Amino acid sequence: MKFDLTKLALLLTLLLINGLAQSCGGKSTEKEPGALAQPDPDHLSQEDLAWMQKGLDIIGPSQQVLGGKLKAALEAGGVQHAVQYCNIAAFPLMDSLSQTYQVKIRRTSLKARNPKDAPDAAEREMLESFTARYHAGESLDPVIRNLEGGKKGFYAPILVQEMCLKCHGIKGTDIADADYAIISDLYPKDLATEYKSGDLRGIWSLTFTP
Ligand code: HEC
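For clarity, every value in this text was computed on a predicted model and none was experimentally measured. (Residues numbered from 1 in each chain as written. Predicted model: local features only at pLDDT ≥ 70, side-chain atom pairs only at ≥ 80, totals over all residues. Heavy atoms only, no water.)

Participant: Quick question: what am I supposed to make of the overall build of the chain here?
Facilitator: The helix and strand inventory of the chain stands at six helices and four strands. When the helices and strands of the chain are listed from N to C terminus, the series reads α-α-α-β-α-β-β-α-α-β. Within the span of the chain, comprising 210 residues, buried residues form 40% of the whole. Looking at the chain alone, contacts between residues at least 24 apart form 70% of all its contacts between residues at least 6 apart. (Helix = DSSP H or I, 4+ residues; strand = E, 2+ residues; numbered from the N terminus. Buried < 20%, exposed > 50% of the residue type's maximum accessible area, 1.4 Å probe, protein only. Contact = heavy atoms within 4.5 Å.)

Participant: Which parts of the structure should I look at to understand the confidence of the model for the chain?
Facilitator: Do not read the fine detail of predicted coordinates wherever pLDDT is low. Taken as a whole, the chain shows an average pLDDT of 86; of its residues, 80% reach a score of 70 or greater. Confidence drops under pLDDT 50 across residues 18-35; counting only partners more than four residues distant or on other chains, this segment forms 19 contacts. (pLDDT = per-residue confidence, 0-100.)

Participant: Just to check I follow, could you spell out the coordination of the iron atom of the ligand for this structure?
Facilitator: Angles between donor atoms at a metal ideally measure 109.5 degrees for a four-coordinate tetrahedral arrangement and either 90 or 180 degrees for a six-coordinate octahedral one. Note on the iron atom of the ligand: its protein donors are Cys 86 (SG) and His 168 (NE2). The metal-donor distances range over 2.1 to 2.2 Å. Each of the six donor atoms bound to the iron atom of the ligand contributes to angles spanning 87 to 179°, and the resulting shape is octahedral. Note that Cys 86 is positioned in the loop between α2 (46-82) and α3 (92-101) and His 168 in helix α5 (residues 165-168), a separation of 82 residues in sequence. (Donors = N, O, S within 2.8 Å, 3.2 Å for Na, K, Ca; no water. Tetrahedral: all angles 85-135°; square planar, octahedral: opposite > 155°, others 65-115°.)

Participant: What exactly am I supposed to notice about the packing of aromatic side chains here?
Facilitator: Centre-to-centre distance and the angle between the planes together describe a pair of aromatic rings. Considering all chains together, one arrives at one aromatic pair under this definition. Taking the ring centre of Trp 51 as reference, the NZ or CZ of Lys 54 above it sits at 4.5 Å. Seen from the ring of Phe 130, Arg 133 lies directly overhead, with NZ or CZ sitting 4.5 Å from the centre. (Phe/Tyr/Trp six-rings, centres within 6.5 Å; stacked < 30°, edge-to-face > 60°. Lys NZ or Arg CZ within 6 Å of the ring centre and 35° of its normal.)

Participant: What is the right way to look at the sheet that holds strand β4 (residues 200-208) in this model?
Facilitator: Within a beta sheet, neighbouring strands are joined by backbone hydrogen bonds and run either parallel or antiparallel to one another. Taken in spatial order, the four strands line up as β1-β4-β3-β2 in an open sheet, and their pairing is antiparallel. Taken across any chain shown, the strands that pair with only one partner, and hence form the sheet edges, are β1 (103-108) and β2 (143-146). Across the sheet, the axes of successive neighbouring strands diverge by a mean angle of 20°, strand direction being ignored. Contacting β1 and β4, α3 runs over the sheet at an angle of about 130° to β1. (Pairing = 2+ DSSP bridges. Axes fitted to C-alpha atoms, helices over the stretch in contact; angles between N-to-C directions.)

Shown next, in the form of structure tokens:
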């Protein structure tokens, strides 16, 4: 009975997150390739199911806060003003989530803007696997992995939405030259441009220490 309730809660969270992703992307009728799909709870052990639920409980509100602040900042003052808001370290919510769940929260990418977000070996492997699944048109279910020292890793895709293009799209077209001047001044080693809407931008990487 308890197990069924956990499954139900997981499915509800996934439905909510899918709904959020679609409402942010604004394309609820089109099925985008690589859209966040629902992991099949029957293929997870009960323990991993609980980690999956925790991971979803963390990235759901995080994406919502991040997206909301970014959108508001873009509207209020354009890229120049918003450039500081695509940064999970900037939000107190992340600190409280890290403490509540005893978890390290990162976003990482094969093409990072901030070199601090470059992947470690385990993250690179996950990024390559998500990229392969993305190109094969397969679903991008979040993943739970056992890490060294009894830690647990949770990984979930981050997709590019229309709003992201002002800072991660094509230079000179989506990203105004004056805006890119600000970005490259702050991030001289930036690799995170030339994305299109719907592309796989990177992954959330959560490390739980049980
Ligand atoms: C106003 C400009 C701006 C917008 C809009 C923006 N970003 Fe960013 N993004 C940045 C900056 C600047 C960084 C580097 C932040 C840091 O120093 O950690 C970044 C970093 C990231 C990272 C971390 C990996 C890396 O490259 O360092 C991800 C993932 C990311 N952005 C995804 C997105 C997504 C998805 C969207 C749309 C929902 C988006 N961004 C919209 C400016 C932006």
